[in-house]
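# Close look at the chain arrangement
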Amino acid sequence: MASLCAALALFAACKEEPKPEQLAAKAAEEAYGHLIGGRYDSYLGSVAGADSLPADYREQLLANAKQFMAWQEEEHGGIDSVRALRAVADTAARRASVYLLLCFGDSTKEEVLVPMVGGPEQWLLK
């Protein structure tokens, strides 16, 4: 039993921390996941500075997100999924660039560049 505990402790100690670009990519995927899922408030919560916007401007941004998704539905049958292809982080500047692949309902795909700010633990859409 002691050897099992020692092995588990060693494994936990060797566990590598996620890199900043991995964290930025995950945050971008999650933000777009909120958008695709119609969770517009959560999506807007993933945008840098959105927490300090005037209420009327915030409502406009929510309406824009809804309109964007309605347009994607009309043009491409919606966005079915999103996944990060790659990411590059500049931790000194607290910026990252995440390349996402959007997969649409009509089987088309589009690669988009999503600028991110923040880090090292929390990344937000710029």
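Not measured: the values here are computed from a predicted model. (Residues numbered from 1 in each chain as written. Predicted model: local features only at pLDDT ≥ 70, side-chain atom pairs only at ≥ 80, totals over all residues. Heavy atoms only, no water.)

## Looking at the overall build of the chain
Secondary structure assignment for the chain yields four helices and four strands. Reading the secondary structure of the chain in the N-to-C direction produces α-α-α-α-β-β-β-β. Each of the 126 residues in the chain was classed as buried or not, and the buried ones make up 27%. Within the chain, contacts between residues separated by at least 24 positions form 45% of all contacts whose residues are at least 6 apart in sequence. (Helix = DSSP H or I, 4+ residues; strand = E, 2+ residues; numbered from the N terminus. Buried < 20%, exposed > 50% of the residue type's maximum accessible area, 1.4 Å probe, protein only. Contact = heavy atoms within 4.5 Å.)

## Some points on the packing of aromatic side chains
Under the counting rule described, the total for this entry stands at one aromatic pair. The interplanar angle of 80° and the centroid separation of 6.4 Å between the aromatic rings of Tyr32 and Tyr43 together place this pair among those described as edge-to-face. Within this pair, whereas Tyr32 is found in helix 2 (residues 20-36), its partner Tyr43 is found in helix 3 (residues 40-45), the two being separated by 11 residues in sequence. A residue is classified by how much of its surface remains accessible, and Tyr32, at 15% relative accessible area, is buried. Arg86 extends its terminal NZ or CZ atom over the ring of Tyr99, reaching a point 4.1 Å from the ring centre. (Phe/Tyr/Trp six-rings, centres within 6.5 Å; stacked < 30°, edge-to-face > 60°. Lys NZ or Arg CZ within 6 Å of the ring centre and 35° of its normal.)

## Points about the environment of Leu124
When you line up the elements, Leu124 lands in strand 4 (residues 123-125). As for Leu124 and Gly49, which are separated by 75 residues in sequence, their C-alpha atoms are 8.9 Å apart. With sequence-adjacent residues up to four places away left out, Leu124 is seen in contact with Gly45, Ser46, Val47, Ala48, Pro115, Met116 and Val117.

## Overview of the pairing of strand 3 (residues 109-118)
Pairing analysis gives nine bridges linking strand 2 (residues 95-104) to strand 3, with the strands arranged antiparallel. Residue Ala96 lies in a different strand from strand 3, and its bridge partner there is Met116. Hairpin connection from strand 2 to strand 3: four residues lie between these consecutive antiparallel strands, with Ser107 at a positive phi of about 75°. (Pairing = 2+ DSSP bridges.)

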